[in-house]
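# Results of the structural survey
What follows is each chain in one-letter form.
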Amino acid sequence: MPKTALIAGASGLVGSQLLPLLLASERYERVIAVGRRPLPVVHPKLEQRLLDFDNLEQHRLQLIADDVFCCLGTTMRQAGSREAFYQVDYLYVVKLAALTAANFAAQLLLVSAMGADARSRIYYNRVKGEMEEAVAQAPFRAIHIFRPSLLLGRRAQPRLGERLGAAVLRVLRPVLRGPLQKYRAITAGAVARAMLRAAEAEGSGHHVHLSDAIAKESARTR
């Protein structure tokens, strides 16, 4: 039966690539995009819902879907402080997972980051790891965690550090083979395609997808 998808973070790098895929998919008859600001997108399947993420519990009845795609995330620089970063990358994500699971969503597909580790000394990686551990407790039938390496794509706000990193990884790409393939930069579009493919597989259990596996899964959808 046709299903309903819910996407958070549809204005971001991965989310902006994922949204048109969801709208084009025969799997979904409805696509709910939740965010703080409206998207410049009009489609008969699309329902936009503007929410206050600081009080997400008040919007629980608007968070009913079969598959939940979470592309929320920021950087320390964009957030402006550790507290603000934690709010977006941990609190918002964990709340969304808990509320949609309570609404009997079947699958959670979540963009995290390479290096996510709740015991890391690096704050960014530690928060991502703690977030992953928290959402793993939600009673979804399937949880898919995507840990891409450096993401490539056009951002609304270009990041100099990422441009430099992408240039370095392009030079190193020929030597990043075997176990090192997971460090290769990957396009946001490839991550989006792999997320949709994972949802369509209708599996169960907890899965972590690294960059090299994401690239392979994405290539199968072309």
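None of these values were measured; they are calculated from a predicted model.

On to the overall build of the chain, then. When helices and strands are counted, the chain shows seven helices and nine strands. Counting over 222 residues, the chain shows a buried share of 47%. In the chain, 69% of the contacts between residues at least 6 apart in sequence involve partners at least 24 apart. Roughly 11600 Å² of accessible area belongs to the chain as shown, and the carbon and sulfur atoms make up 54% of that amount.

The end-to-end C-alpha distance of helix α3 (residues 82-102), which contains 21 residues, comes to 29 Å, matching closely the 30 Å that a straight helix rising 1.5 Å per residue would cover. Of all the bends found along α3, the most pronounced is centred on valine 88 and spans about 30°. When we look at burial in α3, the residues that qualify are Phe85, Val88, Asp89, Tyr90, Tyr92, Val93, Val94, Leu96, Ala97, Leu99, Thr100 and Ala101. Here the buried face of α3 lies against β1 (3-8), β4 (67-70), α2 (76-79), β5 (107-111) and α4 (123-135).

Here we come to the side chain of asparagine 125. Checked against the element boundaries, asparagine 125 lands in helix α4. Exposure remark for asparagine 125: the relative accessible area of 14% places this residue in the buried category. Leaving out residues up to four positions away in the same chain, asparagine 125 has contacts with Met114, Gly115, Ala116, Asp117 and Ser120.

Using the criterion set out here, one finds five aromatic pairs in the structure. Here the aromatic rings of tyrosine 28 and phenylalanine 69 are separated by 6.2 Å at their centres, their planes lie at 85°, and the arrangement is edge-to-face. Placement of tyrosine 28 in strand β2 (residues 28-35) and of phenylalanine 69 in strand β4 is noted, with a sequence separation of 41 residues between them. Centre to centre, the rings of phenylalanine 85 and tyrosine 123 are 6.1 Å apart; their planes meet at 55°, and the pair counts as tilted.

Topologically, threonine 4 is positioned in strand β1. The buried category is assigned to threonine 4, whose relative accessible area is 8%. Between the C-alpha atoms of threonine 4 and isoleucine 32, which are 28 residues apart in sequence, the distance is 7.5 Å. Threonine 4 has contacts with Tyr28, Arg30, Ile32, Ile64, Ala65, Asp66 and Asp67, leaving out every residue within four places of it along the chain.

Cut-offs used in this document
- Residues numbered from 1 in each chain as written.
- Predicted model: local features only at pLDDT ≥ 70, side-chain atom pairs only at ≥ 80, totals over all residues.
- Heavy atoms only, no water.
- Helix = DSSP H or I, 4+ residues; strand = E, 2+ residues; numbered from the N terminus.
- Buried < 20%, exposed > 50% of the residue type's maximum accessible area, 1.4 Å probe, protein only.
- Contact = heavy atoms within 4.5 Å.
- Areas by Shrake-Rupley, 256 points an atom, 1.4 Å probe, with all protein chains shown as cover.
- Expected span 1.5 Å × (residues − 1).
- Bend = angle between axes of the 7 residues up to and from the residue.
- Phe/Tyr/Trp six-rings, centres within 6.5 Å; stacked < 30°, edge-to-face > 60°.

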